[in-house]
Amino acid sequence: MVYADIENLVGIELKNTFKKKIVNILKFDSEDEILSIKDVTIFFPDPAYLSLRFFDLPFGGKKAKDTCEIEISSEEIFQNEKYLIWTPHRSGTSIVIIYEEDDYVRKLLGENRTILFKPICLLDICRRFPSSIACDISDKTLSIAFSENGKIRLGFFRYAGVDDIKFQIALFLSQKSEKDNVRFKVCGSRYYIFPFECDVIKPSDISQFDIDDPAYTALICAAEGKYPKILLSQKSKSNMEGILTNTLQASIFSFASATLFIISTLTEFETEKSKSQNLTKEIYDISQEVLGDVKIVDPYTQLRLEYSKISQDGKLSNFPIFLEFVKGISDYVIRIEDFTAERMEISAQLKIREISYVDKIKENLQNSFDDIKITSTIRSREGDSFIMRLTGKYKYSKNSKLESGKTSEGTKQ
């Protein structure tokens, strides 16, 4: 079996003999040479095509999967994406990988080919060295992972230099609750540029193979390690293809159904387009009327939140909390992609233009929110912006301006 790293154009080939396993070191001239190998397992090479979501749930299995599917399907930005879900058998972290299935991704998802996500494989290093954070620095990307009391976190970033690596690792560390006695275990082709104190992990440190080049450590983890089996793969073809090939009657029926569907769709397209434009204008007008002088970042997202009236016991609804949140971030975000508020705790996903805006947003929100944590920041697929996620708790007191649902201008219904 061949395991290959497309980004670094290296690989290993494992062979089983009667006495022992043999590993051969491979080097390639191009990505196409790797993809031409039959039954090859590769690392997904580009984080621009992937987004990650983590759900720390008190249950696992099918119940956790259903919970993740409901959460993902409710978010408009992911409705046109492909995603896969891994859940533990019991409680712990459920992981969702959302990926954009364009021409390049379809090229990778070929037949007889397995695609692994490198940070998942690094969890094998975390298992071998408890309280450690595993990191692989390749030519263009940085992969990082840790496991803590059933909680899993993974990261996959492009970096421009050492300063970029420092910033990304600092953001990643904010997700770890136990920061004492943490050791970095580092591998990869550019392990030597890691900017913090660390231990270099070579294949010979975790396997029987006498290989001292850290560029092959993640490949050995992929081949022999223990980690969640989260694999990107091409969806199986529908049985309809065989039916249409072997049954003329079914072929005619399918053609007629498809034709009727196309005619119906074309007829209704202009009508639906006009409705959509009118609805968008109406959403914007209502947002402007309700929010007043507050800058409208994303009308649909802002009005999509449930607007609950203030309850009799004086508890705050989600909408005033969201209004206070918008005031803190409106000068720096392109779009709010997700926002939830429950029991005074918030979580949000924002699209920002500059990486430096992360600190400014956090500083602004501290006026109204406690315990602000930046849980992740990745470059967007377009490459011209960043996607950041954060959590926090609303500062509520009897002296709050939002008490009883009232702003300084009065209560708005």
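Structure: above.
About the thresholds
- Residues numbered from 1 in each chain as written.
- Predicted model: local features only at pLDDT ≥ 70, side-chain atom pairs only at ≥ 80, totals over all residues.
- Heavy atoms only, no water.
- Salt bridge = Lys/Arg side-chain N within 4 Å of Asp/Glu carboxyl O.
- Helix = DSSP H or I, 4+ residues; strand = E, 2+ residues; numbered from the N terminus.
- Buried < 20%, exposed > 50% of the residue type's maximum accessible area, 1.4 Å probe, protein only.
- Core = buried A, V, L, I, M, F, W, Y, C linked by side-chain atoms within 4.5 Å.
- Contact = heavy atoms within 4.5 Å.
- Pairing = 2+ DSSP bridges.
- Axes fitted to C-alpha atoms, helices over the stretch in contact; angles between N-to-C directions.

Moving on, we come to the pattern of salt bridges. Scanning all chains against the criterion turns up 17 salt bridges. As a salt-bridge pair, Arg-127 and Asp-124 come within 2.8 Å of each other at their nearest N and O atoms. Taken together, the residues span about one helical turn, with Arg-127 and Asp-124 both in helix α4 (residues 118-128) at a distance of 3 residues. For Asp-124, a relative accessible area of 0% puts it in the buried group. Put simply, Arg-353 and Asp-384 hold a salt bridge, and the shortest N to O gap is 3.6 Å. Here Arg-353 is found in the loop between β16 (345-352) and α12 (357-365), whereas its partner Asp-384 is found in the loop between β17 (369-379) and β18 (386-394), with 31 residues between them in sequence.

Turning our attention to the nonpolar core. Ile-42, Ile-97 and Leu-154 are the most contacted members of the largest nonpolar core, which has 54 residues in total. Considering each element in turn, this core owes the most residues, 6 residues, to α4. Discounting chain neighbours no more than four positions away, the residues touching Ile-97 are Leu-50, Ser-51, Leu-52, Lys-82, Tyr-83, Leu-84, Phe-117, Ile-120 and Ile-230. Core analysis: the second largest hydrophobic core is formed by 25 residues, Tyr-332, Val-333, Ala-348 and Tyr-394 among them.

This paragraph deals with the sheet that holds β17. A sheet is described by the order of its strands in space; here 4 strands give the open sequence β15-β16-β18-β17, paired in antiparallel fashion. Looking at which strands have only one partner, the edges of the open sheet turn out to be β15 (333-342) and β17. For this sheet, the mean angle separating the axes of adjacent strands, direction not counted, is 15 degrees.

Sheets are built from strands that pair by backbone hydrogen bonding, the pairs being arranged parallel or antiparallel. Spatially, 3 strands are ordered β5-β7-β6 in an open sheet, and the strand pairing comes out antiparallel. Pairing within the sheet leaves two strands with one partner each, and these edge strands are β5 (50-57) and β6 (82-86). Shown here is a sheet whose adjacent strand axes are inclined to one another by a mean of 20 degrees, direction ignored. Running over the sheet, helix α2 (residues 61-73) touches β5, β6 and β7 (92-99) and is turned about 130 degrees from β5.

For the rest of this paragraph, the subject is unusual backbone geometry. In this structure, Asn-149 is a non-glycine residue whose phi angle is positive, near 50 degrees. Checked against the element boundaries, Asn-149 lands in the loop between β10 (141-148) and β11 (151-158). The phi dihedral of Asp-371 is positive, around 55 degrees, even though this residue is not glycine. Within the secondary structure layout, Asp-371 lies in strand β17.

That's the geometry; what it means functionally is another story.
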